[in-house]
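# Structural features, examined
Listed below, chain by chain, are the residues.
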Amino acid sequence: MSEITPHISVKNLNVHIGDHHVLKNINLDIPDKKVTSFIGPSGCGKTTLLKTFNRLLDRQDNVRVEGEVLVDGVNLYSPKTEVTELRKKMGLLSQRPFPLPMNIYDNIAYGVRLHSKKNRAEMDQLVEHYLRAVSLWDEVKDRLKGPATRLSIGQQQRLCLARGLAVEPEIILGDEPTSALDPVSTQKIEELFLRLKENYTLVLVTHILRQARRVSDYIAFLYMGEIIEFGPTEELLLNPKEKLTRDYVKGFLS
Amino acid sequence: MRKAEETFFKALMILCTAAIAGVLFLIVWTIVSRGASSLSWDMVSKIPEGGYYIGKGGGILNAIIGSIYITVGSVVLGLLISVPVVLYINVYAKKNSLLVNLTRFSFDILFGIPSIVYGAFGFTIMVYFGLKTSLLAGVVTVTLLIIPILVRAMDEVMRLVPDDLESITYSLGATRWETAQVLLRQSVPGILTAVLLSFGRAIGDAACVLFTAGYTDSIPTSVDQPAATLPLAIFFQLSSPIKEVQNRAYAAALILTVLVLVLGLAAKYFGKKLSKNKI
Amino acid sequence: MIRERLITDKLAGGVSRTLTLLSVFSVLLLGIGLLTRSIPVLRQVPLTEILFSTEWKPMKGAFGFAAFILGTFWVTGIALMIALPFSLLSAIYISEYAPYRLRQLIVPLIDLLAGIPPVIYGVWGVLLVIPFIQDHLAPHFVQFSTGYCVLAGGVVLAIMIVPLIVNILLEVFATVPKELREASLSLGATRWETVKKVLLRRSRPGIIAAVVLATSRAFGETIAVLLVTGSVVQVPHSVFDAGYPLPALIAANYGDMLSIPLFDSALMLAALILFVIIILFNGVSRLVLYRLEKQMA
């Protein structure tokens, strides 16, 4: 545990949505260049916690956030932080793949065009690079100008991943990214995650414990808005320290 | 017994529906048959000559051009105002905040206000600023009339766009303005329909321009001159006691009807066509 | 580059916010604007006389709007009585009975009807409705009629508001889930019984909303009624009497407005009265709707 260098550091985080105290006193360090998974029953706050990392929570009405979320030492919630730049550091992969209403090429190019100016050749290279990175290049190279919505759902999710990678984030956030996919596509995405952790820090929300076991290095177990336990995967799953964790994990891994 | 009741009402329903469809054809046919005979090339190419209203020569070019000026002007001005408002309530403001709900509520009210009230209000503004009846006053008043129409139509379209789209663009590091542009691009067919709808409303409305744009037999050359409009041209000609002039009113009505029908059909056509990359 | 993007963002946001705030205030602005111009006549003539007197002699300073207010109610009432049954039955047919192809044909037709300018309706009214009433209908009932009467106004208005009502009703019916209809039918009800007991009950708030919108439209329609109602200052006592709805009053006297003292103020007051009637009407129906929806939930 002493070896991990935290990329994200959460200190005393409390989140209220309306009257509901959704996250209570969260203290957590997300290790750098490792895969961390959030697990827990529905409604425990794991997606909310994820959304505090890229401040997507700001867009909801009636949200109050107290505490600090530090990324590379900088508090995301300090009034001085520029949200747009911050969000670029975090890539988001949602539950349902959501291609932008553009063709495949533009989907990847969109984010890049926001932040920099590239000429045609450079952009072509970039698009190819990221499509290769998600093993999609061979499947779509002949129809880059076709609508992204024509892809299969597994392909769409990989496209969304490529789109997110194209803005060169440091951290990838995944909100149950494979729950809408078939087993084969799920496997492909999981393999990608394992490759990506060499260069990125990954934080995933999942309700599939087997997936958490296959993919993550560390797991955080949340229950009713609190972090009950956090530790290396094998340790937490096979030797949980807390009773709640034991109860949750027990039924699924039999 | 139950079956009988159903058959009875079904027959009644078919009758009603047929009646409604029938009325449309009746109206169009009446206008066409009465108006076509009085339609002449002169009508659309000349302005009224002296004594036009008692039967002398000329045409209603003044009204045609006047209507075009006012309609185009008000739609452009209307878009300039309504697009930012719709973007504000759909992108910038927090969803369901007080301001957003209040805005939608206000526009619901404004939508239901009849054009004569807008016309009267336009008149009060004119008097306040010491303006005379003019093209400018007409454009401003018609703009007020169509802004609620534009806002309502565009808002409906934008609300349909899933929230996920915004989550994606934000998480890619886009600003709210950039996200708004993606939303706009997604809503183009709806916006076009809204524009054509308001075009139709603007060109056909008489009550709004009566007090504000006035009427004249010439074509305005600057914004502070009065302007004639098609609906008023029809109205004034119809009120003349001379048969010849009344017939010309029908011809003018035909021109207006054709214009509006074309606009309506175009709205439907383009609405369907522009949905290539949509979700 | 990031700085420019942020500045653009803030600028766009500021402009949009200002315009939005202005829009919210515009309802108030409208009311205040009209009120200010109405004050001269309000100061001269007591409110009771304005609202309840039927004496309308602007040259003598008598400004009783009752005849016009009543004229508006007559015309709107007739229009609603004609339009509602037609629209309701038609909407039910289109939504529940008509084959798909027919629906594809009819709905655009109704939309086109909705887009026809009021003045065209007025012209058509003059060409067809007036002669019909004068020659064929009225002789059965009254001694003499020019055909220009509130009935003509009501008929023309009715046709104008039918597309509006049908459109809203179709939308409302579409929100009733298919499963509900299927449940009723599988219990052995006929389609008509399903309509009566399930669809219409569910759609009550929507139907009311449609009626409210259509009524507002009818209240405010100017040029179509101006052309066919006769413009006689009197309180109608039968459908064949001529009338003078409020909007028609405002439009018709525009020319004389500035030459008679207080006349322009009176006309602005007429517009204000119309404005207030419509807002009150909308407000009350919103309340009714709200209660209804709470009941049904």
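Scroll up for the structure.
As the structure is a computational prediction, the values presented were derived from the model and not from experiment.

Another aspect to go through is the overall build of chain A. Tallying secondary structure elements over chain A gives ten helices and ten strands in all. In summary, chain A has a C-alpha radius of gyration of 18 Å against a globular reference of 18 Å for 254 residues, a match within 12%. With respect to the three principal axes, the spread of C-alpha positions in chain A is 55 × 45 × 35 Å. Expressed as a percentage of its 254 residues, the buried residues of chain A come to 55%. Relative to all contacts within chain A whose residues are 6 or more apart in sequence, the contacts with residues 24 or more apart total 67%.

Opposite charge on two side chains permits pairing when their charged atoms draw close. Residue and element names in this part refer to chain A. Under the definition given, this model contains 24 salt bridges over all chains. The closest approach of N and O atoms between Lys89 and Asp72, which form a salt bridge, is 3.8 Å. Here the residue Lys89 occupies a position in helix H2 (residues 83–89), and Asp72 occupies one in the loop between strand E4 (63–71) and strand E5 (74–75), the gap between them amounting to 17 residues. One salt bridge connects Lys197 with Asp217, and the closest N-O pair in it is separated by 2.9 Å. Of this pair, Lys197 sits in the loop between helix H7 (183–196) and strand E8 (201–205) while Asp217 sits in the loop between helix H8 (209–215) and strand E9 (218–223), and the two are 20 residues apart along the sequence. For Lys197, a relative accessible area of 22% puts it in the partly exposed group.

Residues and elements named next belong to chain A. Ordered by their spatial adjacency, four strands build an open sheet running E2-E1-E4-E5, and the pairing between neighbours is antiparallel. Each of the sheet's edge strands pairs with one partner strand only, and the pair in question is strand E2 (20–31) and E5. Sheet topology note: the strand E1 (residues 6–17)/E2 ladder contains eight bridges and is antiparallel. Looking at the pairing, Val10 lines up with Leu28 of E2.

Our focus in this paragraph is the nonpolar core. Membership of the largest hydrophobic core comes to 213 residues, with the highest contact counts inside it found for A:Ile8, A:Phe38, A:Phe53, B:Ile60 and C:Phe65. Looking at which element gives the most residues to this core, the answer is helix H6 (residues 150–175) of chain C, with 17 residues. Setting aside its immediate chain neighbours within four residues, A:Phe53 contacts A:Ile8, A:Val10, A:Ile30, A:Phe38, A:Val69, A:Leu76, A:Leu86, A:Met90, A:Leu173 and A:Val203. If you look at the next biggest cluster of nonpolar residues, it comprises 35 residues, including A:Tyr130, A:Cys160, A:Ile189 and A:Leu202.

Before going further, it helps to spend a moment on the packing of helix H3 (residues 61–92) of chain B against helix H6 (residues 135–160) of chain B. Residues and elements named next belong to chain B. Contact geometry of H3 with H6 gives a least axis separation of 6 Å together with a crossing angle of 40 degrees. In terms of their interaxial angle, H3 and H6 are classed as oblique. Where H3 crosses over H6, the two elements pack in a sense that is right-handed. The residue makeup of the contact of H3 with H6, split by class, is 19 nonpolar, seven polar and two charged.

Moving on, we get to the pairing of E4(A). Residue and element names in this part refer to chain A. Across eight bridges, the pairing between E1 and E4 is antiparallel. In the strand pairing of E4, Val10 is matched with Val69. Two strands pair when backbone bridges link them, and E4 and E5 are joined in this way by two bridges, in the antiparallel orientation. Following the sheet pairing, Leu70 is matched in E5 by Asn75. Counted along the chain from E4 to the antiparallel partner E5, the turn is two residues long, and its residue Asp72 has a positive phi close to 50 degrees.

Turning our attention to the interface of chain C and chain A. With four residues of chain C at the interface, the matching set in chain A holds eight residues. Taken over both partners, the interface formed by chain C and chain A buries close to 470 Å², and the fraction arising from carbon and sulfur atoms is 58%. Summed over the shared surface of chain C and chain A, the result is zero salt bridges. Looking at the side of chain C that touches chain A residue by residue, the classes come out as three nonpolar, no polar and one charged.

Between two aromatic rings, the relevant description is the distance of the centres plus the angle of the planes. Residue and element names in this part refer to chain C. Throughout the structure, instances matching the rule amount to 20 aromatic pairs over all chains. Ring geometry for Trp56 against Phe68: centres 4.8 Å apart, planes inclined by 80 degrees, an arrangement best described as edge-to-face. You can see Trp56 sitting in strand E1 (residues 56–57) and its partner Phe68 sitting in helix H3 (residues 66–97), a full twelve residues away along the chain. You'll find Trp56 and Phe68 in the same group, each marked buried. With centroids separated by 5.8 Å and ring planes inclined at 80 degrees, the aromatic side chains of Phe219 and Phe281 adopt a geometry described as edge-to-face. Linking Phe219 in helix H9 (residues 204–220) with Phe281 in helix H12 (residues 263–296), this pair joins segments that are 62 residues apart in sequence. Phe219 sits in the buried class, given a relative accessible area of 6%. Phe281 gets classed as partly exposed once you look at its relative accessible area, which sits at 29%.

Time to look at the interface of chain B and chain C. The figure often quoted for interface size is the accessible area lost as the parts come together. Chain B puts 73 residues into the contact, and the matching count from chain C is 75 residues. Roughly 6,800 Å² of surface becomes buried between chain B and chain C when both sides are summed, with 80% attributable to carbon and sulfur atoms. Interface area lost by chain B to chain C is led by B:Met13, B:Ile20 and B:Ile27, which between them contribute 9%. In this structure, the connection of chain B to chain C is made through three salt bridges. A salt bridge links C:Arg5 to B:Glu178; its shortest N-O distance comes to 2.7 Å. Summed over the shared surface of chain B and chain C, the result is twelve residue pairs in polar contact (both at pLDDT 80 or more). Broken down by element, the residue count for the side of chain B that touches chain C peaks at 21 residues, all from helix H1 (residues 2–36) of chain B. Along the lines of polarity and charge, the residues of the side of chain B that touches chain C split into 52 nonpolar, twelve polar and nine charged.

Looking only at helix H8 (residues 191–202) of chain C, the buried set comprises C:Trp192, C:Glu193, C:Thr194, C:Val195, C:Val198, C:Leu199 and C:Leu200. Looking at the packing, one finds that the buried side of H8(C) touches H1 of chain B together with H3, H6, helix H7 (178–186) and H9 of chain C.

All names here are of chain A. The sheet built from six strands is open, its strands ordered E6-E7-E8-E3-E9-E10 with mixed pairing. Each of the sheet's edge strands pairs with one partner strand only, and the pair in question is strand E6 (90–93) and strand E10 (226–232). Each strand axis lies, on average, 15 degrees off the axis of its neighbour in the sheet, ignoring direction. Here strand E3 (residues 35–39) runs beside E8; their pairing, made up of four bridges, is parallel. Bridging across to E8, Val35 finds its partner in Leu202.

Turning next to the packing of H7(C) against H8(C). Residue and element names in this part refer to chain C. Orientation of H7 relative to H8, taken along the N-to-C sense of each, is 140 degrees, at an axis distance of 10 Å. Classed by the angle they form, the pair H7 and H8 counts as oblique. Regarding H7 and H8, the two cross each other, and that crossing is right-handed. Facing H7, whose interface residues are Leu180, Arg181, Ser184 and Leu185, H8 presents Arg191, Thr194, Val198, Leu199 and Arg202.

Trans peptide bonds make up most of the peptide bonds, and negative phi angles are found at most residues other than glycine. Residues and elements named next belong to chain A. Even without being a glycine, Lys33 presents a positive backbone phi close to 50 degrees. Within the fold, Lys33 resides in the loop between E2 and E3. Accessibility expressed as a relative area gives 37% for Lys33, which makes it partly exposed. Unlike most non-glycine residues, Glu168 shows phi in positive territory, near 55 degrees. Tracing the backbone shows Glu168 in the loop between helix H6 (153–166) and strand E7 (171–175). Judged by its relative accessible area of 56%, Glu168 falls in the exposed class.

What counts, and at which threshold
- Residues numbered from 1 in each chain as written.
- Chains lettered and ligands numbered in written order.
- Predicted model: local features only at pLDDT ≥ 70, side-chain atom pairs only at ≥ 80, totals over all residues.
- Heavy atoms only, no water.
- Helix = DSSP H or I, 4+ residues; strand = E, 2+ residues; numbered from the N terminus.
- Rg over C-alpha atoms; globule rule 2.2 N^0.38 Å.
- Buried < 20%, exposed > 50% of the residue type's maximum accessible area, 1.4 Å probe, protein only.
- Contact = heavy atoms within 4.5 Å.
- Salt bridge = Lys/Arg side-chain N within 4 Å of Asp/Glu carboxyl O.
- Pairing = 2+ DSSP bridges.
- Core = buried A, V, L, I, M, F, W, Y, C linked by side-chain atoms within 4.5 Å.
- Axes fitted to C-alpha atoms, helices over the stretch in contact; angles between N-to-C directions.
- Parallel < 35°, antiparallel > 145°, perpendicular 65-115°, else oblique.
- Left-handed = near helix turned anticlockwise from the far one by under 90°.
- Nonpolar A, V, L, I, M, F, W, Y, C, P; charged D, E, K, R; others polar.
- Buried area = accessible area lost by both parts, 1.4 Å probe.
- Phe/Tyr/Trp six-rings, centres within 6.5 Å; stacked < 30°, edge-to-face > 60°.
- Polar contact = N/O pair within 3.5 Å; in protein donor to acceptor, adjacent residues only side chain to side chain.

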